[in-house]
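Residues per chain are reported as follows:
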Amino acid sequence: MTSVPLTKFGAELLKEELHQLKTKERRIVIDAIAEARSHGDLSENAEYDAAKERQAFVEGRIAELEGKLSTAQIIDPTTLDADGRVVFAATVDLEDLETGDNVSYQIVGVDEADIKLNKVSVTSPIARALIGKSAGDVVEVQAPAGPREYEILKVRYV
């Protein structure tokens, strides 16, 4: 099995979700199944079918999270020493050379990516273009609207 890269923060989020599923969601689903069974004939019981579908989803997600956490390679960005290069978990300050706008992105694992929080997946086009580069480098990113050029202003490990 290959390891799943996660930031320390991302691993904590997955652990919290797993705890929630195991301690609360499982109990809710079990109660819903019991309630639906009490209504009698299961062959035409939509509540029972819905509860069983929810149970399958919850158990599948629990298995998925346990698998990811068991193979996780947890990286704390504050302990990185990459000589100013962009690596997984680094935060990168960029300038869009076309518009002059500045933006910061942290490169994170697939499960913790959230563009609203400026966290981009390590598999995204921008992250792939940035990995291995340093401050002062110019990178070209193939965006949906066409190629964009960014200058790396600063690489931080926070």
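Structure: above.
Scope of this entry: the structure provided in the associated data block. These numbers come from a predicted model, not from an experiment.

1. Things to note about the overall build of the protein
No. 1: Helix and strand counts for the protein stand at 3 helices and 7 strands.
No. 2: In sequence order, the secondary structure elements of the protein are arranged as β-α-α-β-β-β-β-α-β-β.
No. 3: For the protein, whose C-alpha radius of gyration is 22 Å, the value lies well above the compact-globule estimate of 15 Å for 158 residues.
No. 4: Principal-axis analysis of the C-alpha atoms places the extent of the protein at approximately 70 × 35 × 25 Å.
No. 5: Counting all 158 residues of the protein, 34% fall into the buried class.
No. 6: Within the protein, residue pairs in contact and separated by at least 24 positions form 54% of the contacts whose partners lie at least 6 positions apart.
No. 7: Here the protein has roughly 9,400 Å² of accessible surface; of this, 52% comes from carbon and sulfur atoms.
No. 8: Across the protein, the centroid of the 19 positively charged side chains sits 5 Å from that of the 29 negatively charged ones.

2. Some details on the pattern of salt bridges
If charged atoms from side chains of opposite charge come close, those side chains can pair.
No. 1: Going through the model one piece at a time under the given rule, you end up with 12 salt bridges.
No. 2: For E59, the salt bridge is made with R26, and the minimal N-O distance between the two is 2.8 Å. Of this pair, E59 sits in helix α2 (residues 46-70) while R26 sits in helix α1 (residues 8-37), and the two are 33 residues apart along the sequence.
No. 3: The class of E59 is partly exposed, set by a relative accessible area of 29%.
No. 4: The exposure class assigned to R26 is partly exposed, which follows from its relative accessible area of 30%.
No. 5: When the shortest N-O distance is used, the salt bridge between D96 and R148 registers 2.2 Å. Taken together, the residues D96 in strand β3 (residues 91-96) and R148 in strand β7 (residues 146-156) connect sequence positions 52 residues apart.
No. 6: You can call D96 buried: its relative accessible area is 6%.
No. 7: Taken together, the salt bridges that share partners define one network made up of E17, R61, E64, K68 and D111.

3. Re the layout of surface pockets
No. 1: Here the largest pocket is characterised by a volume of approximately 150 Å³.
No. 2: Lining the largest pocket are D96, Y105, P125, I126, V141, Q142, A143, P144, R148 and Y150.
No. 3: Of all elements in the fold, only α3 (125-130), β6 (138-143) and β7 reach the threshold of two or more residues within the lining of the largest pocket.
No. 4: At 3 residues, β6 tops the list of elements feeding residues into the lining of the largest pocket.
No. 5: Its residues assigned to classes, the lining of the largest pocket comprises 7 nonpolar, 1 polar and 2 charged.

4. Section: α1
No. 1: For α1, with 30 residues, the first-to-last C-alpha span of 42 Å sits near the 44 Å given by 1.5 Å per residue.
No. 2: Remark: the principal bend of α1, roughly 35°, maps to L21.
No. 3: Within the span of α1, buried status applies to G10, A11, L14, L18, L21, E25, V29, I33 and A36.
No. 4: The inward-facing, buried residues of α1 abut β1 (4-7), α2 and β2 (72-75).

5. Structural notes on the packing of α1 against α2
The description of two packed helices rests on the angle between their axes and on the distance between the axes.
No. 1: The geometry of α1 relative to α2 is characterised by a closest axis approach of 9 Å and an angle of 160° between their N-to-C directions. By the angle between their axes, α1 is roughly antiparallel relative to α2. Crossing angle aside, the handedness with which α1 passes α2 is left-handed.

The rules behind each value
- Residues numbered from 1 in each chain as written.
- Predicted model: local features only at pLDDT ≥ 70, side-chain atom pairs only at ≥ 80, totals over all residues.
- Heavy atoms only, no water.
- Helix = DSSP H or I, 4+ residues; strand = E, 2+ residues; numbered from the N terminus.
- Rg over C-alpha atoms; globule rule 2.2 N^0.38 Å.
- Buried < 20%, exposed > 50% of the residue type's maximum accessible area, 1.4 Å probe, protein only.
- Contact = heavy atoms within 4.5 Å.
- Areas by Shrake-Rupley, 256 points an atom, 1.4 Å probe, with all protein chains shown as cover.
- Lys, Arg positive; Asp, Glu negative; His and termini not counted.
- Charge placed at Lys NZ, Arg CZ, Asp CG, Glu CD.
- Salt bridge = Lys/Arg side-chain N within 4 Å of Asp/Glu carboxyl O.
- 1 Å grid on protein atoms, 1.4 Å probe; cavity = no way out; pocket = protein on both sides within 12 Å on 5 of 7 lines; lining within 4 Å.
- Points joined across faces, edges and corners; volume = space filled by probe spheres on them.
- Nonpolar A, V, L, I, M, F, W, Y, C, P; charged D, E, K, R; others polar.
- Expected span 1.5 Å × (residues − 1).
- Bend = angle between axes of the 7 residues up to and from the residue.
- Axes fitted to C-alpha atoms, helices over the stretch in contact; angles between N-to-C directions.
- Parallel < 35°, antiparallel > 145°, perpendicular 65-115°, else oblique.
- Left-handed = near helix turned anticlockwise from the far one by under 90°.

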